[in-house]
Protein chains: 2
Amino acid sequence: MSDKTQAKRPLKVAAAQLGPIHIKDSRDSVLARMIALLNQASEQAVQVVAFPELAFTTFFPRHLLQDEEIDSYLELDDEKLGGIRQSSNVKALFDHAESLGIDIYVGYAEKSPQPDGNFIHYNSSVYYSAAAKKVVGKYRKVHLPGVVEPFKEPGATQQLEKRYFKPGNLGFPAFRAPGLIENATKFSDAVEKGSMDGTGDPIMGMLICNDRRWAEGWRSYGLQGAELVFCGYNTTAFAPQLWGASTEISPEEAEADAVFHHKLSCQGNSYMNACFSVNIAKAGSEDGHPLIAGTIIVHPNGRILAESKSKDDELVAAEIDLADCRRGKEKTFAFHKHRRPEQYGLIVERAGVVEPGLL
Amino acid sequence: MSDKTQAKRPLKVAAAQLGPIHIKDSRDSVLARMIALLNQASEQAVQVVAFPELAFTTFFPRHLLQDEEIDSYLELDDEKLGGIRQSSNVKALFDHAESLGIDIYVGYAEKSPQPDGNFIHYNSSVYYSAAAKKVVGKYRKVHLPGVVEPFKEPGATQQLEKRYFKPGNLGFPAFRAPGLIENATKFSDAVEKGSMDGTGDPIMGMLICNDRRWAEGWRSYGLQGAELVFCGYNTTAFAPQLWGASTEISPEEAEADAVFHHKLSCQGNSYMNACFSVNIAKAGSEDGHPLIAGTIIVHPNGRILAESKSKDDELVAAEIDLADCRRGKEKTFAFHKHRRPEQYGLIVERAGVVEPGLL
């Protein structure tokens, strides 16, 4: 380890937890709330603010909707028109972030124009760099939960992400965010496969909600040296028909379980990939449908550094040092020394379970 | 879900934690301790007993040894001579387990004869079925920690697994253990790729020590429908020169950290693969070198069911129901519905980190 890699890499990050967004809440009212959180962040000298999954609207996949209804929840993301950055419903957020010099990670329902004139919808996120004045990272959610066909029970809470979205087709693309670390080198000293220097601009990755339970996404970012992973979410606190929970369980127990599993996933995968993670809830009861809170910033040692205290709009900030990733990346999780890809074939050879033959 | 898959699949399992084994402790004394734990298990009607990694000796990779010294720690595993089952140093353990009708998982230093007359050494484990009267599962540790070249500092605690062993070459082979579940079907109803029935003999997998921090092994077993994973370990409680710990940290803090990471790994990966796990320590101070305890049996919901209270020989037992795996395997972690192997290429395409180019 050179002295250089031991230099501090301080970064002030925040999760901008959102309270509930009801169906009737206007787009303008949501934008105003998000901008208020950006202003709070600016007062605290925060450099990067992360918003939840599908941050601009209610979590609409819980409702069975007609096509024209769905459209009102989508953001047009047309590169020819400047992409999501210039999309009319959300442009004000990017403008404000840029004016404050704050980077943002934000989730949205992407309406992606296709060459044939149709649109494909993804559950997406972008990372917008205030220094670069552009989107420097884009991700489309790979692990869509839920179902295509709605539950028939009257009044059932739906989970129709598989109906409304296509699975992400961009893999897990890590990216660098410029202008955040004062002493970042402007070129890589580490060009050998498997080498790591940890001195450049921060390496980041994005996940969305259910992705955080799937080690494959985290590892894909780990293999690109990610130091900071963002994951916004809308996680149901209690809906027996969705998750197969026993009817014996109380709403309070179900919520405690959901929070436990959320934290276990974020802490475990941050530790096993030696990265920080910022995990951002949309929380509280949206039109009577409860969502967990549990917004957390996690250290590469797996410990929680900061956590939300409410189910409302709340800024959860932490001063972190990205150099804290080096111990894990260079010792216990020095991938090039310890991983054995030749033994991992099953992971890409099959999607589902194939049980061993009976004796 | 058929009624059949909801049938209970009860199993009484135990982790046989071992206290320290010092260099001077005789092979016979260790075998006697292991047999005493088997007798305790029998009194409690335990069906499967799991012992630690390298269970028969001190954790010798912490010492720099000459070839002839190493040999005294190895078990000859020659299929022509009946394999590890008949290896003279350890045969008494298998004999006793068979006489009690108890299955065992046990770790050992494998001395494997090669066609050229030489031997290869692996850090291995077997699962011995009392009903089948034979070894039905074998595993060789894939993720060897440590280094090839010893640390030079006088008195340094070594970690020479990479020097003494070859990495495992058997992948992560799940297997079925017969005779444990009364109503297990004798054939599989689930022959379609991706289908799961959960009615046959229990599906098991084996990991060893450091493997538990690597999601790839757990997932490989998950993709074979594993309901129960065993992982024995010798985990250093405090050795700054090994793990890069700051010299600021106290031995107590270092041990607490090691236990936290151990549990986080076992709980997180059990949850994410919807399987039980039995994680078995060799614990306490071996010739002055401290090992963590933290023997735990983990439920597929990620919760700890039973935990050791000492750093000595201790049987940690639990009555589990393998049917509890079904909820996770059929809902949140229904792999065939949610996984996207076409997005996971990096996991097998590279061993180490390749950072994204600087902007």
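The following refers to the structure shown. (Residues numbered from 1 in each chain as written. Chains lettered and ligands numbered in written order. Predicted model: local features only at pLDDT ≥ 70, side-chain atom pairs only at ≥ 80, totals over all residues. Heavy atoms only, no water.)

1. Quick notes on the sheet that holds strand β8 (residues 203-208) of chain B
All names here are of chain B.
Then step 1. One open sheet holds the 6 strands; their spatial order is β7-β8-β9-β10-β13-β14, and the pairing between them is mixed. The open sheet has two free edges, formed respectively by β7 (175-176) and β14 (304-307), since each of these has just one partner strand.
Then step 2. As judged from the 3 bridges shared by strand β13 (residues 296-298) and β14, these two strands associate in the antiparallel manner. Looking at β14, one finds that V298 is bridged to I304.
Then step 3. Those strands touched by helix α5 (residues 215-222) are β8, β9 (228-233) and β10 (276-281), and its axis lies near 165° from that of β8.
Then step 4. Packed onto the sheet, helix α7 (residues 251-272) meets β9, β10, β13 and β14 and runs at close to 25° relative to β13. (Pairing = 2+ DSSP bridges. Helix = DSSP H or I, 4+ residues; strand = E, 2+ residues; numbered from the N terminus. Contact = heavy atoms within 4.5 Å. Axes fitted to C-alpha atoms, helices over the stretch in contact; angles between N-to-C directions.)

2. Some remarks on the pattern of salt bridges
Then step 1. In the structure shown here, the tally under the stated rule is 52 salt bridges over all chains.
Then step 2. E149 of chain A serves as the salt-bridge partner of R163 of chain A, at 4.0 Å between the closest nitrogen and oxygen. Of this pair, R163 of chain A sits in helix α4 (residues 161-164) while E149 of chain A sits in the loop between β6 (134-140) and α4; the two residues are 14 residues apart in sequence, bridging distant segments of the chain.
Then step 3. Overall, the relative accessible area of 52% leaves E149 of chain A in the exposed class.
Then step 4. Across the pair K282 of chain B and E286 of chain B runs a salt bridge whose closest N-O atoms are separated by 2.6 Å.
Then step 5. Taking the relative accessible area as the measure of exposure, K282 of chain B reaches 0% and is therefore buried.
Then step 6. Under the relative-accessibility criterion, E286 of chain B is labelled buried at 0%.
Then step 7. Shared partners join several salt bridges into a network, and the residues in it are R85, K91, D95, E98 and K133 of chain A. (Salt bridge = Lys/Arg side-chain N within 4 Å of Asp/Glu carboxyl O. Buried < 20%, exposed > 50% of the residue type's maximum accessible area, 1.4 Å probe, protein only.)

3. A look at the sheet that holds strand β9 (residues 228-233) of chain A
All names here are of chain A.
Then step 1. Across the sheet, 6 strands lie side by side as β7-β8-β9-β10-β13-β14; this open sheet has mixed pairing. Of all the strands in the sheet, just β7 (175-176) and β14 (304-307) have a single pairing partner and so form its edges.
Then step 2. One ladder, built from 6 bridges, connects β9 with strand β10 (residues 276-281); its direction is parallel. The partner of L228 across the bridge, within β10, is F276.
Then step 3. Contacting β8 (203-208), β9 and β10, helix α5 (residues 215-222) crosses the sheet at an angle of about 165° to β8.
Then step 4. Docked against the sheet, helix α7 (residues 251-272) engages β9, β10, β13 (296-298) and β14, running at close to 25° with respect to β13.

4. Looking at the relation of the copies chain B and chain A
Then step 1. For the pair chain B and chain A, the superposition axis carries a translation of 0.0 Å, the fit reaches an RMSD of 0.0 Å, and the rotation angle comes to 180°. As the rotation angle and translation indicate, the two copies are arranged about a two-fold axis. If distances are taken from each C-alpha of chain B to the rotation axis, the shortest is found for G268 of chain B, at 2.9 Å.
Then step 2. Both copies present the same face, since 100% of the interface residues in chain B are matched by interface residues at the equivalent positions in chain A. (Least-squares fit on C-alpha atoms with pLDDT ≥ 70 in both.)

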